[in-house]
Amino acid sequence: MATVSASRSAEIPTPSARPPSAPPPVPGATALAEMEAGELPRRYDGPAAWTGAEMRERDDWIVRLTAADRAELDTAWRATSHLPIEGIGPGDFLLPDLGPRLLALRDEIIEGRGFVLLRGLDIEGWPIERTARTYWGLGSWFGRAVSQNAMGHVLGHVRDLDFHTRDPNVRTYQTTERQFYHSDSCDIVGLLCVQPAKRGGLSSIVSSVTLYNEMARRRPELAAVLSEPVPFDRRGEVPENEEPFFLNAVFNHHAGLVSSYVSRRYIESSQRHPSAPRITALHVDAMDLLDELAEDPELHLDMEFRPGDIQLLHNHTIFHDRTAFEDWPEPERKRHLLRLWLCPPNGRPLPDRYAARWGGTTIGDRGGIVCPGTKHHAPLAPV
């Protein structure tokens, strides 16, 4: 797969430096009217409906930290080095100049194209604790960290643990396997590259808004199938008094927006539970078309991570994938990413069905995985 060259990049703009533009139309006005008429929206317009071909022709999604930004991060790291990582927030991790610009990027993620790649954090020679603290502090400006698994990890480590998804309770990020396009159980997911793979492990993203538009144009009946709830396997991470699966739609039409959620592997593995609703041939056809569209190089965007790169994605409008990879034999060189699942205070409205997985839908207080005995902590090594 061809990857985007990220040699060109822009510094993080100040909010006041953004060029003036005409007032945008009311977001989702047409889609909302169609919903109110009892129809599925024919398409959604706006900056979240991008294509990979378009993004390869621009580079405003790549932003570079300046020397002054790095100095602010260094000062903030030193000032909070005595605090437990999971207790650090933006009120502790002070970024007088960079912070407001990060908030502007958060708005772009939530209300705009849905993703950004931050470049220029020089982590060479840093111990993992410094990298984790700096990443956590920067991430806290985007939202509150939520648990990524039943163990309560609010700082995740994406690294091969010599597992395989033949075990139905293993999650793909613990393997070298391709992840396939999916979304996570949080508003924003962030990844920091500590160490890239020897070969492979590319990040691929695609606009789920564009995928819906294409499905609705080509096969509206299949778009309708994926707009109804389907079962997702919890992969052994079962909250108290809940089924071992939950129901959500791939395309959720709510408040003039389409909020998307997918993991085909988890939909299919839900069928191991006798009480889960059955997947039909029509579901398979719909998921096949969704996969075909996501695999289209005109629609998706590939990027190769460098050490220190930070990718932030809006799960409601972006599906993400990772290619399979070959790792280095030396343990200290193995592919390693740090991950945050973030709940921002200005997220979008979600339908009630999200509560089955997210624990609720209240903006600023939702997302993550909580099971009996879950206690939040930020481990500094893969577990």
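Residues numbered from 1 in each chain as written. Predicted model: local features only at pLDDT ≥ 70, side-chain atom pairs only at ≥ 80, totals over all residues. Heavy atoms only, no water.

Q: Tell me what's going on with the packing of helix H6 (residues 208-218) against helix H9 (residues 281-295), and back it up with residues and numbers.
A: Close contact between H6 and H9 brings their axes to 10 Å; oriented N to C, the two are set at 125°. For the element pair H6 / H9, the angle class is oblique. H9 is crossed by H6, and the crossing has right-handed handedness. Contacts between H6 and H9 involve Leu 211, Glu 214, Met 215 and Arg 218 from the first element and Ala 286, Leu 289, Leu 290, Glu 292, Leu 293 and Ala 294 from the second. Partitioned by chemical class, the residues of the contact of H6 with H9 number 7 nonpolar, no polar and 3 charged. (Axes fitted to C-alpha atoms, helices over the stretch in contact; angles between N-to-C directions. Helix = DSSP H or I, 4+ residues; strand = E, 2+ residues; numbered from the N terminus. Parallel < 35°, antiparallel > 145°, perpendicular 65-115°, else oblique. Left-handed = near helix turned anticlockwise from the far one by under 90°. Contact = heavy atoms within 4.5 Å. Nonpolar A, V, L, I, M, F, W, Y, C, P; charged D, E, K, R; others polar.)

Q: Tell me about the nonpolar core, and please be specific about residues and values.
A: Taken as a class, soluble globular proteins show a tendency for nonpolar side chains to be buried jointly. Among the nonpolar cores identified, the biggest contains 36 residues, and Leu 102, Trp 136 and Leu 312 are the most heavily contacted of them. Listed by contribution, the elements that provide at least two residues to this core are helix H3 (67-79), helix H4 (98-111), strand E3 (115-119), helix H5 (128-140), strand E6 (188-195), strand E14 (310-314) and strand E17 (336-343). It is H4 that contributes the most residues to this core, 5 residues altogether. Residues Ala 48, Ala 223, Val 262 and Tyr 354 belong to the second largest nonpolar core, which totals 34 residues. (Core = buried A, V, L, I, M, F, W, Y, C linked by side-chain atoms within 4.5 Å. Buried < 20%, exposed > 50% of the residue type's maximum accessible area, 1.4 Å probe, protein only.)

Q: Go over the sheet that holds strand E15 (residues 318-322), please, and point to the residues and values.
A: Pairing in this open sheet of 3 strands is antiparallel, and the strands run E13-E8-E15 from one edge to the other. The sheet terminates laterally at strand E13 (301-303) and E15, the two strands that pair on one side only. Direction aside, the axes of adjacent strands within the sheet are offset by 25° on average. As defined by bridge partners, strand E8 (residues 203-207) adjoins E13 across 3 bridges and the pair is classed as antiparallel. Considered in E13, the bridge of Ser 204 is made with Asp 302. (Pairing = 2+ DSSP bridges.)

Q: How would you sum up the environment of Ala 223? Please name residues and give values.
A: Tracing the sequence through the fold places Ala 223 in helix H7 (residues 220-225). Residues Ala 223 and Leu 289, spaced 66 residues apart in sequence, show a C-alpha to C-alpha distance of 9.5 Å. Leaving out residues up to four positions away in the same chain, Ala 223 has contacts with Leu 40, Tyr 212, Met 215, Ala 216 and Phe 251.

Q: So what about the pairing of strand E11 (residues 251-254)? Which residues, and what values?
A: Of the strand pairs in this sheet, E11 and strand E12 (residues 257-260) are connected by 4 bridges, and their pairing is antiparallel. The partner of His 253 across the bridge, within E12, is Val 258. A loop of 2 residues connects E11 with E12, the two strands running antiparallel in sequence, and Ala 255 in this loop sits at a positive phi of about 55°.

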